[in-house]
Amino acid sequence: MDIRVQDRCGGDIDAQVILHPEGKPPVLPDKLVQSVIASGESTGKFLQSVVLRQGPKTIKTLLMGLGNLSDLTQDRLRQAMGRAATHLRDIGVAKFAVTVPYPFFPRVGVGRLAQTMTEGMQLSLYRLLAYKTNKTDKEEYKSVKTCIFVEPNAAKCRLIQAGISRGECIAEGVSDIRTLCNRPSNTVTPTYLAQEAKKIADRFGIRLTVLEREDVRKLGMGGFLGVAQGTCEPPKFIVLEYRPARTMGRATAKRGPVVLVGKSVTFDSGGISLKPPENMEQMKYDMSGGATVLATLKVAAALELPIDLVGILPATDNMPSGSAIHPGDVVTTLSGKTVEVVNTDAEGRLCLADALTYAARYKPVAIIDLATLTGACVISLGHHAMALFSNNARLTTQLKQASDESGERVWELPLWEDYLKQVQSDIADLKNSGGRPAGSITAAIFLKQFVNVPWVHFDIAGTAWNTDSNHPYLTKGSTGIGLRLLIAYLTAEAKGRNRSRR
Ligand code: BES
Ligand code: ZN
Ligand code: MN
């Protein structure tokens, strides 16, 4: 959908959206709208949508409930606009108008609100049709083409336009993640991920290195290699290095980059510790972390964020075969630490251990990893928050701020040393499973053994995939989680850096 801002509406729209807070009806000249509100048909209850048709050819009005103003958040606005866009699509609207409801958000800039609204609309309209051959399936989703933000004030117009552009860029990045994760593993192989990385690298002048199985062997990444040894699909250890063109360079370079690491298991069968068949098909999204890292680099480059960034994707399938790693095998990781592989289904941490060690090469100011790491994370936090683990209070605070700003929820879990015992091995330095108690924490404390700089680990196992077909802006399947938060963090971090240089 095309989104733009105009100083007036123009006569050629099919619909207008009116955002209606509960208990505070919008003041409007329109008699019909007024009467509908007066009759109590539209109460403004959150996500309630009432459509008014004024005769067959005139403009439809969608009254979209915002809920109580005291409960209003930017995410609620995002949700309301998501619901509005899909509703208008479903009733065949091609072009509609809306205004930014800045009077309801006295502390948020108008551009920021336009960004949020743009995200909500674009994310809700996402659909992957690449594997559908039926024409009607495809046509059903064509309809809504244009959204006009109406704003008479020229200065506000410019801010809104900037917000739209940023929102579009972010929504496109999230859609890229969704598509990478929704596509099956017979499309999205490690090789495919490397090709996608190449496209992004070429387009934005990002440096790309792809290490093959032999390279990884020579380096001594026994963890990653152990996971990859059961599959015929060539593993790829993908590294992207982004340096902003507007070289605010020297100062940021001196401080070292932020390194993003994403779990990139293109299919997790469990290996010899094979998973049960139920829902195994979903394990195509075990590369969600990697997809988020890739798309975040793309969006950071597109927005020309003045900050050095590195993205690392250790990409491989996890498969059982005659050559697959056995439970009980011991591997030597890049760090030199040995790991007893007691469960081949705890493969993510083996890949990440080596990627985190590799990340240290860049002398980073921070390492942030995202991984669909543990089923236990789904048990503890469900689908509404990612688990956050860290060895650094300052970085934690910064990422929690980015979480608040982006609406992507995080919840911190502890990394007390007591948990370490669960992943200590009788035969090696560590073992890769700590059993059932506190499964997300023991996975995270395992990772912690491989970092010695400020680090945050996000377990996104519960938030990367959505099964709720009724969500206002998430579609079924991949959610594209993490990018909005990371971009919020990187934007703030880049600003902070440039300020501290002055
Ligand atoms: N990719 C899975 C975790 C997962 C489960 C993600 C469900 C999304 C939804 C991971 O590799 C895994 O299998 N973890 C094991 C670890 C255990 C063997 C210690 C798990 O959580 O069961
Ligand atoms: Zn996995
Ligand atoms: Mn697994």
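Our structure's up above, just so we're on the same page.
The rules behind these values
Residues numbered from 1 in each chain as written. Chains lettered and ligands numbered in written order. Predicted model: local features only at pLDDT ≥ 70, side-chain atom pairs only at ≥ 80, totals over all residues. Heavy atoms only, no water. Axes fitted to C-alpha atoms, helices over the stretch in contact; angles between N-to-C directions. Helix = DSSP H or I, 4+ residues; strand = E, 2+ residues; numbered from the N terminus. Parallel < 35°, antiparallel > 145°, perpendicular 65-115°, else oblique. Contact = heavy atoms within 4.5 Å. Nonpolar A, V, L, I, M, F, W, Y, C, P; charged D, E, K, R; others polar. Donors = N, O, S within 2.8 Å, 3.2 Å for Na, K, Ca; no water. Tetrahedral: all angles 85-135°; square planar, octahedral: opposite > 155°, others 65-115°. Buried < 20%, exposed > 50% of the residue type's maximum accessible area, 1.4 Å probe, protein only. Left-handed = near helix turned anticlockwise from the far one by under 90°. Pairing = 2+ DSSP bridges. Expected span 1.5 Å × (residues − 1). Near = heavy atom within 4 Å. Polar contact = N/O pair within 3.5 Å; in protein donor to acceptor, adjacent residues only side chain to side chain. Areas by Shrake-Rupley, 256 points an atom, 1.4 Å probe, with all protein chains shown as cover. Core = buried A, V, L, I, M, F, W, Y, C linked by side-chain atoms within 4.5 Å. Domains from an automatic or database assignment. Phe/Tyr/Trp six-rings, centres within 6.5 Å; stacked < 30°, edge-to-face > 60°. Salt bridge = Lys/Arg side-chain N within 4 Å of Asp/Glu carboxyl O.

A. Summary view of the packing of helix H6 (residues 190-204) against helix H10 (residues 288-302). Packing of H6 against H10 brings their axes to within 10 Å, and their N-to-C directions diverge by 10 degrees. In terms of orientation, H6 lies roughly parallel with respect to H10. Where H6 abuts H10, its residues Leu 193, Glu 196, Ala 197, Ile 200, Arg 203 and Phe 204 lie against Leu 294, Lys 298, Ala 301 and Ala 302. Grouping the amino acids of the contact of H6 with H10 by side-chain chemistry returns seven nonpolar, no polar and three charged.

B. A look at the coordination of the zinc ion (ligand 2). Those donors, Lys 263 (NZ), Asp 268 (OD), Asp 286 (OD) and Glu 347 (OE), are the protein atoms that reach the zinc ion (ligand 2), and they lie 2.0 to 2.4 Å from it. Viewed at the metal, the six donor atoms of the zinc ion (ligand 2) are separated by angles of 79 to 173 degrees, and the geometry they form is octahedral. For the zinc ion (ligand 2), the single-chain donor residues occur in sequence as K-x4-D-x17-D-x60-E. Separating the zinc ion (ligand 2) from the manganese ion (ligand 3) is a gap of 3.1 Å, bridged by Asp 268, which donates to each. Of this pair, Asp 268 sits in strand E10 (residues 264-268) while Asp 286 sits in the loop between E10 and H10, and the two are 18 residues apart along the sequence. The burial state of Asp 268 is the same as that of Asp 286; both residues are buried.

C. Looking closely at the packing of helix H2 (residues 74-90) against helix H3 (residues 110-124). H3 packs onto H2 with a crossing angle of 45 degrees between their chain directions and a minimal axis gap of 7 Å. Taken together, the axes of H2 and H3 are oblique relative to one another. Handedness of the H2/H3 crossing: right-handed. In this structure, H2 uses Gln 74, Leu 77, Arg 78, Met 81, Gly 82, Ala 85, Thr 86 and Arg 89 to contact H3, whose residues at the interface are Arg 112, Leu 113, Thr 116, Met 117, Glu 119, Gly 120, Met 121 and Ser 124. When the residues that make up the contact of H2 with H3 are grouped by side-chain class, the tally is six nonpolar, six polar and four charged.

D. View of the pairing of strand E5 (residues 95-98). On E5, burial covers both faces: Lys 95 and Ala 97 on one face and Phe 96 and Val 98 on the other are all buried. Where strand E2 (residues 15-22) and E5 come together, two bridges link them in parallel fashion. Within E5, the residue paired with Ala 15 across the bridge is Phe 96. Summarising the sheet, E5 and strand E6 (residues 146-150) pair through four bridges and their orientation is parallel. Directly across from Lys 95, in E6, lies its bridge partner Thr 146.

E. View of H6. When the terminal C-alpha atoms of H6 are compared, their 21 Å separation across 15 residues agrees well with the 21 Å that a helix rising 1.5 Å per residue should span. Contacts from the buried residues of H6 go to helix H5 (154-182), strand E7 (207-211), strand E8 (236-242), E10, H10 and strand E11 (309-318). Two residues or fewer after H6 comes Gly 205, characterised by a positive phi angle close to 65 degrees.

F. Here's a closer look at the coordination of the manganese ion (ligand 3). Around the manganese ion (ligand 3), the protein contributes the donor atoms Asp 268 (OD), Asp 345 (O), Asp 345 (OD) and Glu 347 (OE), which lie 2.1 to 2.2 Å from the metal centre. For the manganese ion (ligand 3), the six donor atoms in the first shell make angles of 71 to 168 degrees at the metal, a pattern classed as irregular. The sequence pattern formed by the donor residues of the manganese ion (ligand 3) is D-x76-D-x1-E.

G. Looking closely at the site of ligand 1. The local shell around ligand 1 holds 16 residues, among which Lys 275, Asp 286, Asp 345, Glu 347 and Gly 375 are the closest. Note that an oxygen atom of ligand 1 is positioned 2.8 Å from one of the side-chain N or O atoms of Lys 275. The side chain of Asp 286 places a nitrogen or oxygen atom 2.9 Å from a nitrogen atom of ligand 1. When ligand 1 sits alone it has 520 Å² of accessible area, and the protein chains cover 80% of it. Classifying every residue of the shell around ligand 1 gives four nonpolar, five polar and seven charged.

H. Broad picture of the sheet that holds strand E12 (residues 330-332). Across the sheet, three strands lie side by side as E12-E13-E17; this open sheet has mixed pairing. Edge positions in the sheet fall to E12 and strand E17 (430-431), since each of these pairs with one other strand and no more.

I. View of the nonpolar core. If you look at the biggest cluster of nonpolar residues, it comprises 64 residues, and the most contacted ones within it are Leu 240, Leu 309, Leu 399, Phe 458 and Tyr 489. Three or more residues apiece are contributed to this core by two domains, here domain 1 (2-174) and domain 2 (184-500).

J. Representation of the packing of aromatic side chains within the structure. Tallied over the full model, the rule gives six aromatic pairs. Ring plane angle 65 degrees and centroid distance 5.0 Å describe the contact between Phe 237 and Tyr 358, whose orientation is recorded as edge-to-face. Pair noted here: Phe 237 is in strand E8 and Tyr 358 is in helix H11 (residues 348-359), with a separation of 121 residues, a long-range link. Phe 237 sits in the buried class, given a relative accessible area of 0%. Here the aromatic residues Phe 224, Phe 237, Tyr 358 and Tyr 362 are joined through ring pairs into a cluster of three or more.

K. Seen up close, the pattern of salt bridges. Under the definition given, this model contains 23 salt bridges. Arg 8 is paired through a salt bridge with Asp 7; the nearest N and O atoms lie 3.7 Å apart. On the basis of relative accessible area, Arg 8 is assigned to the exposed category, the value being 57%. The partner of Arg 78 in a salt bridge is Glu 119, and the shortest N-O contact between them spans 2.9 Å. Here Arg 78, found in helix H2, pairs with Glu 119, found in helix H3; they are 41 residues apart in sequence, far enough to count as distant. Each member of the pair, Arg 78 as well as Glu 119, is classed as buried. Overlapping salt bridges bring together Asp 75, Arg 78 and Glu 119 as one network.

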